[in-house]
Amino acid sequence: MKKADADLKKSIEEWAELLSQPLPELRRMALDIEVIPVEENRIPDAREAAQEVVAVALVGSDDLRKVLLLKRKGADLGMRRLKDDFDPVFFDDEKDLLAEVFKHMVQHPFIITYNGDDFDLNYLYHRAQRPEIGFKKEDIPISLGNNVANVRPGVHIDLYKTFINRSIKGYAFNNRYTEHTLNSVAKALIEETKIPLEGSMGDLSMYEMAEYCYQDSKITYMLTSFSDSLLMKLLLVISRVAKMPIDDVARISVSNWIRSMMYFEHRQRNALIPRRSELEDREQTVVSEPVIKGKKYKGGIVVEPKSGIYFDVAVLDFASLYPSLIKVYNLSYETVRCVHEECRSKGIPETAYWACTKRRGIASNVIGSLRDIRVDYYKPLSKQPGLKAEEKELAKVVSQALKVILNASYGVMGADIYPLYYLPAADATAALGRYSITRTIGKCEELGIEVVYGDTDSLFLKSPKEEQVKEITEWAEKEIGIELDLEKTYRYVAFSQRKKNYLGVLPDGNVDVKGLTGKKSHTPPFIREAFYNAVNILSKVMSEGDFERARDEIKTYLRGRYLALKNKEIPTEQLAFNIQMSKSIGSYKKTEPQHVKAAKILVKQGKEVKAGDIISFVKTTNSIGVKPVSMANVNEVDTKKYEDYMRSTFDQILSALGYEFDEIVGATKLEDFFWTS
Ligand SMILES: [Zn+2]
């Protein structure tokens, strides 16, 4: 409070009161259902709900661990492998099974699913009402909205929608997962995976089915319980700050959180909420030219990297750079280019705008006070020794939730879906960001610190001494009013000549690779595996000598893979792209993506293909260019296409290592191949 601006103190006090409330443990139950699809790889249609629900796993915070199983004709009981994990409960009648599910649902205030809006709860709702089951609507504790399944009397959280939220993904979980399937998210966050399915669902014995279903439900629950229920607590804090129901926070995008928060703040102050058109009238031309296609204003600064490899690189992060600037320079939709003649002299550096000198803007107040309480109170508190564990934990969660909100608050300023969108404010914030970083780089040079790279709100410094870091940090706080944090130190970083393309290895061997495509889910296993193996070689490098060896090792390895491809040694399954049909075949009118072409071949062969089916295909040299993997043979594979795909995947890594994929290919003329093999 001593440090805070006088006009922010009241807001800071109010936040402090709200944020110091304890976070209760929320009683909840995860739910997952299994239905045997009519055909392999097909997700059953939830609206039709034609197949019986054969298993439902319930995992609760109250130690509930049950799998409800329908006795199926012709299904073996099978062997039980997981002995004490859960209680299996067998049902002869599906209606009794569903009644038991509903009974548990109403006993838990929070129901957690993964994709329950679209599938599990949706399916249960329609299934229960089918004539052969015969539930009345009012006896089902589920109701459907627009792409949402609500539960009565509690709250349904569909984690699929939560984890796909870009702010949750980026700012709460540091992009630790790249895909949004239950398996990928669980693997990345809690090191758990689904039970791999061998053969088709219908072939599973009762116990295998139970274990499969239980595992899904268990990891869904664990995603809310790991790190002392971190996710539930984050949602709770965001819900309090944004004044928004927790299931909405878990489901809808950040611009809606920020809208809810800002509207509340307007009403608190008895202020009118401006119309969109009123803000547009004030906008006029934006001065800086956008550099990113599709963006309306110029973004953050990117310092040209000096290509090469650097050991011992410290990354300095401008703590809450944009929120700080919004606070320090009074940036808000009503203060940037305000109406007062006399404020015009207070120009914002690097822009043709000015900011109001008479009163603080509402965004500057809200974002500034939240920033202060995070940076000056919760962040240091979470690291303070001698604090009780639960106090420390609370401080950490609050700090993290505020980080998510603060980053989102700046982000939406320049996003036109946000109702208080005002381009000059976003533009001014970005311009000030570039200005602050440029000045800091200048200061680093003055202090004799080598800056090897800079990106938006961080600087990469080559082996800075401790006192140098201290000096630059103090200077930044004093001169530009912004805190610098030592974020991490890389064992080494390899830069290519391209912007935003580098590869950094952390002391623990984890590798950060900026801007890579190799991890995508539809990438054929052959290429994905090669990608991970190459990254693995790099993660073992400890010294410059190692690095030279690793370069050669990767070159040899990739060349071997390339030759195997050329020589048709890779089985077609390894080359398959797996892409889901997002709609039915007939709906693809204008363009026909490759997986649809492959699907059409399947249809010609008498196979049925529906929306939701996963199509596995390989690229071939026939006139259509693709073939379903089940029909393709190795000799038909279009090696050139896979070579192109390898090139685009590996050029990103290789350019950081100082050579190109074509050097690998170039060295493999036919005669080389005969000599080397
Ligand atoms: Zn003014």
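Residues numbered from 1 in each chain as written. Predicted model: local features only at pLDDT ≥ 70, side-chain atom pairs only at ≥ 80, totals over all residues. Heavy atoms only, no water.

A. Main features of the packing of aromatic side chains. Taken as a whole, this structure holds 27 aromatic pairs when the rule is applied. Ring centres 6.5 Å apart and planes at 20 degrees place the aromatic pair Tyr-114 and Phe-163 in the stacked group. Taken together, the positions of Tyr-114 in the loop between strand S5 (110-113) and helix H3 (116-129) and Phe-163 in helix H4 (residues 159-164) put the pair 49 residues apart, joining distant regions of the chain. Classification of Tyr-114 by relative accessible area gives buried; the value is 10%. When the centroid spacing of 5.6 Å and the interplanar angle of 85 degrees are considered together, the rings of Phe-163 and Tyr-177 count as edge-to-face. Here Phe-163 is found in helix H4, whereas its partner Tyr-177 is found in the loop between helix H5 (166-172) and helix H6 (182-190), with 14 residues between them in sequence. In this structure, Phe-163 and Tyr-177 share a single accessibility class: buried. Chaining the aromatic ring pairs together yields one cluster made of Tyr-114, Tyr-160, Phe-163, Phe-173, Tyr-177 and Phe-226. (Phe/Tyr/Trp six-rings, centres within 6.5 Å; stacked < 30°, edge-to-face > 60°. Helix = DSSP H or I, 4+ residues; strand = E, 2+ residues; numbered from the N terminus. Buried < 20%, exposed > 50% of the residue type's maximum accessible area, 1.4 Å probe, protein only.)

B. Focus on the sheet that holds strand S8 (residues 155-158). Read from one edge of the open sheet, six strands run S4-S3-S2-S1-S5-S8, paired in mixed fashion. The two strands at the open ends of the sheet, each matched to only one other strand, are strand S4 (87-91) and S8. When strand polarity is set aside, the average angle formed by the axes of neighbouring strands in this sheet is 20 degrees. In this structure, strand S1 (residues 28-35) lies alongside strand S2 (residues 53-60), joined through seven bridges in antiparallel fashion. Looking across to S2, one finds that Val-35 is bridged to Val-53. Set on the sheet, helix H2 (residues 94-107) makes contact with S1, S2, strand S3 (65-70), S4 and S5; between it and S3 the angle comes to about 160 degrees. Sheet strands in contact with H3 are S1, S2, S5 and S8, and its direction is about 70 degrees off that of S1. (Pairing = 2+ DSSP bridges. Axes fitted to C-alpha atoms, helices over the stretch in contact; angles between N-to-C directions. Contact = heavy atoms within 4.5 Å.)

C. Local environment of the sheet that holds strand S17 (residues 614-619). Pairing is antiparallel across the open sheet formed by three strands, whose spatial order is S16-S17-S18. Both edges of this open sheet fall to strand S16 (577-580) and strand S18 (626-628), since each of them pairs with a single strand only. Each strand axis lies, on average, 40 degrees off the axis of its neighbour in the sheet, ignoring direction. Summarising the sheet, S17 and S18 pair through three bridges and their orientation is antiparallel. What sits directly across from Phe-617, in S18, is Pro-628.

D. Local environment of unusual backbone geometry. Note the cis peptide between Arg-152 and Pro-153, where omega equals 0 degrees. Topologically, Pro-153 is positioned in the loop between strand S7 (149-151) and S8. Although it is not a glycine, Asn-147 adopts a positive phi angle of roughly 60 degrees. Turning to its location among the elements, Asn-147 is positioned in the loop between strand S6 (142-144) and S7.

E. Spatial organisation of the packing of helix H14 (residues 423-446) against helix H15 (residues 466-479). Axis separation between H14 and H15 bottoms out at 11 Å; the angle between their running directions is 140 degrees. Classified by the angle between their axes, H14 and H15 sit oblique to one another. H15 is crossed by H14, and the crossing has right-handed handedness. Judged by residue contacts, Arg-439, Thr-440, Lys-443 and Cys-444 of H14 engage Ile-472, Trp-475 and Glu-479 from H15. Of the residues belonging to the contact of H14 with H15, the class tally is three nonpolar, one polar and three charged. (Parallel < 35°, antiparallel > 145°, perpendicular 65-115°, else oblique. Left-handed = near helix turned anticlockwise from the far one by under 90°. Nonpolar A, V, L, I, M, F, W, Y, C, P; charged D, E, K, R; others polar.)

F. Spatial organisation of the pairing of strand S13 (residues 484-495). Bridge analysis of strand S10 (residues 308-318) against S13 gives 10 bridges, and the strand direction is antiparallel. Bridge assignment links Tyr-310 to a residue of S13, and that residue is Val-493. Relative to strand S14 (residues 502-505), S13 runs antiparallel, the two sharing four bridges. If you follow Ala-494 over to S14, its bridge partner there is Leu-503.

G. Geometry of helix H12 (residues 362-383). Between its first and last C-alpha atoms H12 spans 31 Å; for 22 residues at 1.5 Å apiece the expected length is 32 Å, and the two agree. Along its length, H12 reaches its greatest deviation from straightness, about 35 degrees, at Arg-374. Counting buried residues along H12, 18 of its 22 residues qualify, which places the element largely inside the surrounding structure. (Expected span 1.5 Å × (residues − 1). Bend = angle between axes of the 7 residues up to and from the residue.)

H. Up close: the domain arrangement of the protein chain. Parsing the protein chain into structural domains produces domain 1 (26-227), domain 2 (254-503), domain 3 (516-570 + 641-676) and domain 4 (572-636). Between domain 3 and domain 4 the total buried area reaches about 1,100 Å² when both faces are included, carbon and sulfur atoms providing 62% of it. Per-residue buried area on domain 3 facing domain 4 is highest for Lys-568, Ile-570 and Tyr-642; these three make up 47% of the total on that side. In terms of residue class, the side of domain 3 that touches domain 4 is made up of seven nonpolar, one polar and three charged. (Domains from an automatic or database assignment. Buried area = accessible area lost by both parts, 1.4 Å probe.)

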